[in-house]
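For reference, the chains in residue letters:
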Amino acid sequence: MSTARTPRTARKKKHIAVMAAVAVAAGALGLASYSATKPDEPSASVASGEKGSAAGPRDGVFPELEALARRDARDPLAQGRADAPVVMIEFADFKCGYCGKFARDTEPDLVTKYVEDGTLRIEWRNFPIFGEDSERAARGAWAAGRQGRFWQFHEAAYAEGAKEKGFGEDRLKELARAAGVKDVARFTRDAGSDAAKAAVRKDQEEGYKLGATSTPSFLINGRPIAGAQPESVFEQAIEAAAGDRAGGGEGGKSGQGGRRSGEDGQGGKDGRRSGEDGQGSRGDQGGKGGKEGSGE
(Lines give C-alpha, C1' and ligand atoms only; values in the text may rest on other atoms or scores of the structure.)
Protein backbone atom coordinates (compact mmCIF):
# COMPACT_ATOMS: atom_id res chain seq x y z
CA MET A 1 0.00 0.00 0.00
CA SER A 2 1.31 3.42 -0.94
CA THR A 3 2.30 5.69 1.94
CA ALA A 4 2.11 8.88 -0.15
CA ARG A 5 -0.25 11.46 1.28
CA THR A 6 -3.13 12.58 -0.88
CA PRO A 7 -3.45 16.32 -1.66
CA ARG A 8 -6.61 16.41 0.47
CA THR A 9 -4.76 14.96 3.48
CA ALA A 10 -1.89 17.40 3.03
CA ARG A 11 -4.28 20.34 2.81
CA LYS A 12 -6.11 19.17 5.93
CA LYS A 13 -2.90 18.91 7.92
CA LYS A 14 -1.77 22.33 6.70
CA HIS A 15 -5.13 23.82 7.73
CA ILE A 16 -4.81 22.28 11.19
CA ALA A 17 -1.29 23.65 11.55
CA VAL A 18 -2.40 27.14 10.54
CA MET A 19 -5.34 27.05 12.94
CA ALA A 20 -3.04 25.91 15.74
CA ALA A 21 -0.66 28.79 15.00
CA VAL A 22 -3.54 31.27 15.06
CA ALA A 23 -4.69 29.84 18.39
CA VAL A 24 -1.23 30.41 19.86
CA ALA A 25 -1.16 33.94 18.45
CA ALA A 26 -4.64 34.62 19.80
CA GLY A 27 -3.51 33.43 23.20
CA ALA A 28 -0.68 35.95 23.06
CA LEU A 29 -3.06 38.81 22.31
CA GLY A 30 -5.42 37.64 25.03
CA LEU A 31 -2.56 37.52 27.51
CA ALA A 32 -1.43 40.97 26.45
CA SER A 33 -4.97 42.30 26.88
CA TYR A 34 -5.24 40.76 30.34
CA SER A 35 -1.78 41.91 31.38
CA ALA A 36 -2.59 45.47 30.37
CA THR A 37 -5.72 45.66 32.49
CA LYS A 38 -5.20 43.38 35.51
CA PRO A 39 -4.80 45.38 38.74
CA ASP A 40 -1.97 45.77 41.20
CA GLU A 41 0.99 45.01 38.96
CA PRO A 42 3.42 47.65 37.70
CA SER A 43 4.01 48.16 34.00
CA ALA A 44 7.53 49.58 34.23
CA SER A 45 8.97 46.74 32.16
CA VAL A 46 6.39 47.38 29.46
CA ALA A 47 7.10 51.08 29.41
CA SER A 48 10.83 50.44 29.17
CA GLY A 49 10.33 48.02 26.29
CA GLU A 50 12.22 45.22 28.05
CA LYS A 51 9.28 42.83 28.47
CA GLY A 52 5.52 42.82 28.47
CA SER A 53 2.96 43.89 25.91
CA ALA A 54 5.43 45.10 23.29
CA ALA A 55 7.96 42.46 22.36
CA GLY A 56 11.44 43.24 21.13
CA PRO A 57 12.58 42.82 17.50
CA ARG A 58 11.66 39.40 16.11
CA ASP A 59 10.14 38.35 19.43
CA GLY A 60 6.41 37.93 19.89
CA VAL A 61 5.65 38.47 16.19
CA PHE A 62 2.96 36.24 14.71
CA PRO A 63 2.75 36.04 10.90
CA GLU A 64 -0.87 34.86 11.20
CA LEU A 65 -1.76 38.10 12.96
CA GLU A 66 0.28 40.21 10.57
CA ALA A 67 -1.74 38.72 7.71
CA LEU A 68 -4.90 40.32 9.15
CA ALA A 69 -3.86 43.70 7.75
CA ARG A 70 -6.36 44.47 5.00
CA ARG A 71 -4.24 47.00 3.10
CA ASP A 72 -7.25 48.23 1.15
CA ALA A 73 -6.39 51.62 -0.36
CA ARG A 74 -10.09 52.48 -0.46
CA ASP A 75 -10.73 51.72 3.23
CA PRO A 76 -12.05 54.95 4.80
CA LEU A 77 -11.34 53.56 8.29
CA ALA A 78 -7.60 53.53 7.63
CA GLN A 79 -4.89 56.11 7.13
CA GLY A 80 -1.48 55.79 5.53
CA ARG A 81 -0.15 54.11 2.43
CA ALA A 82 -1.64 50.72 1.65
CA ASP A 83 1.88 49.44 0.96
CA ALA A 84 3.48 50.91 4.09
CA PRO A 85 6.06 48.55 5.62
CA VAL A 86 4.29 48.65 9.02
CA VAL A 87 0.58 48.25 9.71
CA MET A 88 -0.93 48.94 13.12
CA ILE A 89 -4.40 47.43 13.59
CA GLU A 90 -6.34 49.10 16.38
CA PHE A 91 -9.34 47.53 18.12
CA ALA A 92 -11.14 50.29 20.03
CA ASP A 93 -14.43 51.53 21.48
CA PHE A 94 -15.65 55.14 21.45
CA LYS A 95 -16.92 54.75 25.04
CA CYS A 96 -13.47 53.69 26.23
CA GLY A 97 -11.60 56.40 28.13
CA TYR A 98 -8.24 54.73 27.50
CA CYS A 99 -8.93 54.66 23.78
CA GLY A 100 -9.58 58.39 24.05
CA LYS A 101 -6.25 58.82 25.82
CA PHE A 102 -4.46 57.08 22.97
CA ALA A 103 -6.42 59.03 20.35
CA ARG A 104 -5.60 62.39 21.90
CA ASP A 105 -2.15 61.90 23.43
CA THR A 106 -0.33 59.34 21.32
CA GLU A 107 -1.86 58.74 17.91
CA PRO A 108 -1.33 62.27 16.53
CA ASP A 109 2.41 61.96 17.18
CA LEU A 110 2.52 58.54 15.52
CA VAL A 111 0.74 60.02 12.49
CA THR A 112 3.25 62.87 12.28
CA LYS A 113 6.31 60.68 12.82
CA TYR A 114 5.41 57.56 10.89
CA VAL A 115 2.24 57.82 8.81
CA GLU A 116 3.19 61.01 7.04
CA ASP A 117 6.58 59.67 5.95
CA GLY A 118 5.08 56.44 4.62
CA THR A 119 6.36 54.06 7.30
CA LEU A 120 3.07 53.33 9.06
CA ARG A 121 -0.49 52.54 8.13
CA ILE A 122 -3.21 52.58 10.81
CA GLU A 123 -6.25 50.37 10.31
CA TRP A 124 -9.22 50.87 12.64
CA ARG A 125 -11.42 48.03 13.85
CA ASN A 126 -14.68 48.85 15.64
CA PHE A 127 -14.68 46.84 18.87
CA PRO A 128 -17.66 48.02 20.94
CA ILE A 129 -17.75 46.39 24.39
CA PHE A 130 -19.80 48.82 26.48
CA GLY A 131 -23.30 48.09 25.26
CA GLU A 132 -25.71 49.78 22.89
CA ASP A 133 -24.16 53.24 23.19
CA SER A 134 -20.87 51.78 22.00
CA GLU A 135 -22.63 49.97 19.16
CA ARG A 136 -24.34 53.17 18.00
CA ALA A 137 -21.08 55.11 18.05
CA ALA A 138 -19.34 52.38 16.05
CA ARG A 139 -22.09 52.38 13.42
CA GLY A 140 -21.97 56.17 13.32
CA ALA A 141 -18.22 56.11 12.73
CA TRP A 142 -18.69 53.64 9.90
CA ALA A 143 -21.41 55.84 8.40
CA ALA A 144 -19.16 58.91 8.59
CA GLY A 145 -16.55 56.89 6.73
CA ARG A 146 -19.02 56.36 3.92
CA GLN A 147 -18.75 60.09 3.27
CA GLY A 148 -15.01 60.27 3.79
CA ARG A 149 -15.17 61.73 7.31
CA PHE A 150 -14.30 58.80 9.56
CA TRP A 151 -11.14 60.31 11.07
CA GLN A 152 -12.88 63.64 11.64
CA PHE A 153 -15.73 61.79 13.40
CA HIS A 154 -13.09 59.85 15.36
CA GLU A 155 -11.58 63.13 16.53
CA ALA A 156 -14.94 64.59 17.55
CA ALA A 157 -16.07 61.42 19.36
CA TYR A 158 -12.80 61.22 21.31
CA ALA A 159 -12.67 64.90 22.24
CA GLU A 160 -12.32 65.63 25.95
CA GLY A 161 -15.69 65.04 27.63
CA ALA A 162 -17.39 63.71 24.49
CA LYS A 163 -18.12 60.21 25.74
CA GLU A 164 -19.84 61.55 28.85
CA LYS A 165 -22.52 63.04 26.58
CA GLY A 166 -23.39 59.61 25.26
CA PHE A 167 -24.01 58.49 21.70
CA GLY A 168 -27.75 58.73 21.21
CA GLU A 169 -29.14 59.44 17.76
CA ASP A 170 -29.26 63.22 18.19
CA ARG A 171 -25.76 63.25 19.62
CA LEU A 172 -24.48 61.24 16.66
CA LYS A 173 -25.91 63.84 14.31
CA GLU A 174 -24.10 66.56 16.26
CA LEU A 175 -20.84 64.64 15.94
CA ALA A 176 -21.45 64.10 12.24
CA ARG A 177 -21.92 67.83 11.71
CA ALA A 178 -18.80 68.57 13.76
CA ALA A 179 -16.93 66.09 11.57
CA GLY A 180 -18.01 67.86 8.41
CA VAL A 181 -20.34 65.15 7.15
CA LYS A 182 -22.21 66.84 4.32
CA ASP A 183 -25.35 64.72 4.11
CA VAL A 184 -26.55 64.12 7.67
CA ALA A 185 -29.75 62.45 6.50
CA ARG A 186 -27.72 59.91 4.55
CA PHE A 187 -25.44 59.51 7.57
CA THR A 188 -28.44 58.61 9.73
CA ARG A 189 -29.69 56.08 7.18
CA ASP A 190 -26.27 54.53 6.82
CA ALA A 191 -25.73 54.32 10.59
CA GLY A 192 -28.98 52.41 11.01
CA SER A 193 -28.46 50.10 8.05
CA ASP A 194 -27.87 46.37 8.03
CA ALA A 195 -24.57 47.09 6.27
CA ALA A 196 -23.36 49.14 9.24
CA LYS A 197 -24.35 46.41 11.67
CA ALA A 198 -22.59 43.78 9.57
CA ALA A 199 -19.40 45.85 9.27
CA VAL A 200 -19.22 46.44 13.01
CA ARG A 201 -19.99 42.81 13.76
CA LYS A 202 -17.21 41.68 11.41
CA ASP A 203 -14.62 43.78 13.23
CA GLN A 204 -15.95 42.79 16.64
CA GLU A 205 -15.90 39.07 15.89
CA GLU A 206 -12.38 39.35 14.52
CA GLY A 207 -11.24 40.89 17.80
CA TYR A 208 -12.89 38.23 19.93
CA LYS A 209 -11.48 35.41 17.80
CA LEU A 210 -8.03 36.87 18.36
CA GLY A 211 -8.49 36.84 22.11
CA ALA A 212 -8.79 40.60 22.64
CA THR A 213 -10.47 41.21 26.00
CA SER A 214 -9.89 44.93 26.46
CA THR A 215 -9.70 48.18 24.56
CA PRO A 216 -7.61 49.49 23.08
CA SER A 217 -5.75 46.47 21.68
CA PHE A 218 -3.23 46.70 18.87
CA LEU A 219 -1.33 44.55 16.40
CA ILE A 220 1.82 46.06 14.89
CA ASN A 221 2.93 43.80 12.06
CA GLY A 222 1.65 40.85 14.07
CA ARG A 223 3.09 42.01 17.40
CA PRO A 224 0.37 42.42 20.07
CA ILE A 225 0.21 45.49 22.30
CA ALA A 226 -2.64 46.03 24.75
CA GLY A 227 -3.71 49.24 26.42
CA ALA A 228 -2.84 52.91 25.97
CA GLN A 229 0.83 52.28 26.67
CA PRO A 230 3.42 55.08 26.72
CA GLU A 231 4.23 56.49 23.32
CA SER A 232 7.74 55.03 23.52
CA VAL A 233 6.29 51.51 23.51
CA PHE A 234 4.56 52.15 20.19
CA GLU A 235 7.60 53.87 18.74
CA GLN A 236 9.79 50.92 19.69
CA ALA A 237 7.39 48.42 18.14
CA ILE A 238 6.97 50.43 14.93
CA GLU A 239 10.69 50.97 14.49
CA ALA A 240 11.43 47.32 15.24
CA ALA A 241 8.86 46.25 12.65
CA ALA A 242 10.26 48.69 10.10
CA GLY A 243 13.75 47.41 10.84
CA ASP A 244 12.62 43.82 10.36
CA ARG A 245 11.18 44.73 6.97
CA ALA A 246 14.33 46.62 6.02
CA GLY A 247 16.38 43.59 6.99
CA GLY A 248 14.20 41.48 4.73
CA GLY A 249 14.78 43.79 1.79
CA GLU A 250 11.32 45.38 1.94
CA GLY A 251 12.41 48.74 3.27
CA GLY A 252 11.74 50.66 6.44
CA LYS A 253 11.02 54.34 6.30
CA SER A 254 10.39 55.16 2.68
CA GLY A 255 10.36 58.94 2.98
CA GLN A 256 7.15 59.08 0.96
CA GLY A 257 4.17 60.98 2.27
CA GLY A 258 1.34 59.14 3.99
CA ARG A 259 -2.33 59.82 3.25
CA ARG A 260 -5.55 59.57 5.15
CA SER A 261 -8.14 57.43 3.46
CA GLY A 262 -11.40 59.27 2.91
CA GLU A 263 -14.26 59.27 0.47
CA ASP A 264 -13.43 56.92 -2.40
CA GLY A 265 -10.12 56.24 -0.63
CA GLN A 266 -8.76 59.68 -1.50
CA GLY A 267 -9.16 61.52 1.83
CA GLY A 268 -7.04 64.46 2.91
CA LYS A 269 -4.75 64.89 5.90
CA ASP A 270 -7.00 66.82 8.24
CA GLY A 271 -8.55 65.45 11.40
CA ARG A 272 -6.39 65.43 14.49
CA ARG A 273 -6.96 63.87 17.79
CA SER A 274 -5.99 65.32 21.06
CA GLY A 275 -5.73 62.91 26.92
CA GLU A 276 -7.19 61.39 29.67
CA ASP A 277 -5.53 58.98 31.99
CA GLY A 278 -5.75 55.21 32.05
CA GLN A 279 -4.50 52.51 29.76
CA GLY A 280 -7.10 49.86 29.04
CA SER A 281 -10.80 49.11 29.32
CA ARG A 282 -12.40 45.72 29.66
CA GLY A 283 -15.90 44.69 28.67
CA ASP A 284 -17.81 41.47 28.40
CA GLN A 285 -18.06 39.65 25.09
CA GLY A 286 -21.79 40.17 24.93
CA GLY A 287 -21.31 43.92 24.74
CA LYS A 288 -23.44 44.36 27.88
CA GLY A 289 -21.02 46.57 29.73
CA GLY A 290 -17.43 46.67 30.80
CA LYS A 291 -15.00 48.01 33.30
CA GLU A 292 -12.04 50.31 33.12
CA GLY A 293 -8.59 49.01 33.96
CA SER A 294 -5.53 51.01 34.91
CA GLY A 295 -3.18 49.12 32.64
CA GLU A 296 -0.63 49.16 35.40
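Here the structure is a predicted model, which means the values were calculated and not measured.

With that settled, the discussion passes to the overall build of the protein. Across its full length, the protein carries 10 helices and eight strands. Burial analysis of the protein (296 residues in total) assigns 53% to the buried set.

Our focus in this paragraph is the pairing of strand β5 (residues 217-220). Here β5 shows a buried face lined by Ser 217 and Leu 219 and a second buried face lined by Phe 218 and Ile 220. Two elements, strand β2 (residues 86-92) and β5, share four bridges in a ladder whose sense is antiparallel. Paired with Met 88 across the bridge in β5 is Ile 220. As paired strands, β5 and strand β6 (residues 223-226) are joined by four bridges and run antiparallel to one another. In the strand pairing of β6, Leu 219 is matched with Pro 224. Hairpin remark: β5 followed by β6, antiparallel, with two residues in the connecting loop; positive phi at Asn 221, about 50°.

Within soluble globular proteins, side chains that are nonpolar generally end up buried alongside one another. Membership of the largest hydrophobic core comes to 58 residues, with the highest contact counts inside it found for Met 88, Phe 94, Leu 120, Phe 153 and Ile 220. The element best represented in this core is helix α4 (residues 97-115), accounting for eight residues. Here Met 88 is in contact with Phe 102, Leu 110, Leu 120, Arg 121, Ile 122, Glu 123, Phe 218, Leu 219, Ile 220 and Phe 234, once residues within four sequence places are set aside.

Residue Pro 216 follows Thr 215 across a cis peptide bond; omega there is -5°. Within the secondary structure, Pro 216 is located in the loop between β4 (214-215) and β5. A positive phi is found at Arg 71, a non-glycine position, where the angle reads about 50°. For Arg 71, the position within the fold is in the loop between α3 (63-66) and β1 (78-79). Overall, Arg 71 belongs to the partly exposed group, its relative accessible area being 28%. Not every positive phi belongs to a glycine, and Asn 221 is a case in point at roughly 50°. When you line up the elements, Asn 221 lands in the loop between β5 and β6. A residue is classified by how much of its surface remains accessible, and Asn 221, at 7% relative accessible area, is buried.

For the rest of this paragraph, the subject is the confidence of the model for the protein. Here the protein averages 77 in pLDDT, and 64% of its residues register 70 or above. Low confidence marks residues 1-5, where pLDDT is under 50. Its contacts with residues over four positions away, or in another chain, come to one contact. Scored below 50 in pLDDT, residues 10-22 makes three contacts in the model with residues more than four places away or belonging to other chains.

A word on the sheet that holds strand β3 (residues 120-126). Judged by pairing direction, the sheet is mixed, and its five strands sit side by side in the order β1-β3-β2-β5-β6 without closing on themselves. At either margin of the open sheet sits one strand with a lone partner, and together these are β1 and β6.

On to the environment of Glu 205. Mapped onto the elements, Glu 205 comes out in helix α9 (residues 194-209). Linking Glu 205 and Phe 127, residues 78 residues apart in sequence, is a C-alpha distance of 8.4 Å.

In this structure the tally under the stated criterion is 12 aromatic pairs. Relative to Phe 234, the ring of Phe 218 lies with its centre 4.9 Å away and its plane at 80°, an arrangement referred to as edge-to-face. Here Phe 218, found in strand β5, pairs with Phe 234, found in helix α10 (residues 231-247); they are 16 residues apart in sequence, far enough to count as distant. The exposure classification of Phe 218 matches that of Phe 234, with both residues buried.

With that settled, consider the pairing of β2. Most of β2 sits out of view: seven of its seven residues are buried. Pairing of β2 with β3, which is carried by seven bridges, proceeds in the parallel orientation. Within β3, the position partnered with Ala 92 by the bridge is Asn 126. The parallel pair β2 and β3, bridged by α4, forms a crossover whose chirality is right-handed.

Take helix α5 (residues 132-146) next. An α-helical turn contains 3.6 residues, so any two residues separated by three or four positions project in the same direction. Between its first and last C-alpha, α5 extends 21 Å over 15 residues, near the 21 Å set by a 1.5 Å rise per residue. Of all 15 residues in α5, 12 are buried; the element is thus mostly enclosed. Where α5 is concerned, the buried positions are Asp 133, Ser 134, Glu 135, Ala 137, Ala 138, Arg 139, Gly 140, Ala 141, Trp 142, Ala 143, Ala 144 and Gly 145. Against β3, α6 (150-157), α7 (169-178), α8 (184-191) and α9 lie the buried residues of α5.

Turning to the packing of α5 against α8, a few remarks are in order. For the pair α5 and α8, interaxial distance at closest approach is 8 Å and the crossing angle is 130°. When the axes of α5 and α8 are compared, the pair comes out oblique. The two elements α5 and α8 meet at a crossing, and its hand is right-handed. Judged by residue contacts, Arg 139, Gly 140, Trp 142, Ala 143, Ala 144 and Arg 146 of α5 engage Arg 186, Phe 187, Asp 190 and Ala 191 from α8. A breakdown of the residues in the contact of α5 with α8 according to their chemical character gives five nonpolar, one polar and four charged.

The rules we used
Residues numbered from 1 in each chain as written. Predicted model: local features only at pLDDT ≥ 70, side-chain atom pairs only at ≥ 80, totals over all residues. Heavy atoms only, no water. Helix = DSSP H or I, 4+ residues; strand = E, 2+ residues; numbered from the N terminus. Buried < 20%, exposed > 50% of the residue type's maximum accessible area, 1.4 Å probe, protein only. Pairing = 2+ DSSP bridges. Core = buried A, V, L, I, M, F, W, Y, C linked by side-chain atoms within 4.5 Å. Contact = heavy atoms within 4.5 Å. pLDDT = per-residue confidence, 0-100. Phe/Tyr/Trp six-rings, centres within 6.5 Å; stacked < 30°, edge-to-face > 60°. Right-handed = clockwise from strand over helix to strand, strands pointing away. Expected span 1.5 Å × (residues − 1). Axes fitted to C-alpha atoms, helices over the stretch in contact; angles between N-to-C directions. Parallel < 35°, antiparallel > 145°, perpendicular 65-115°, else oblique. Left-handed = near helix turned anticlockwise from the far one by under 90°. Nonpolar A, V, L, I, M, F, W, Y, C, P; charged D, E, K, R; others polar.

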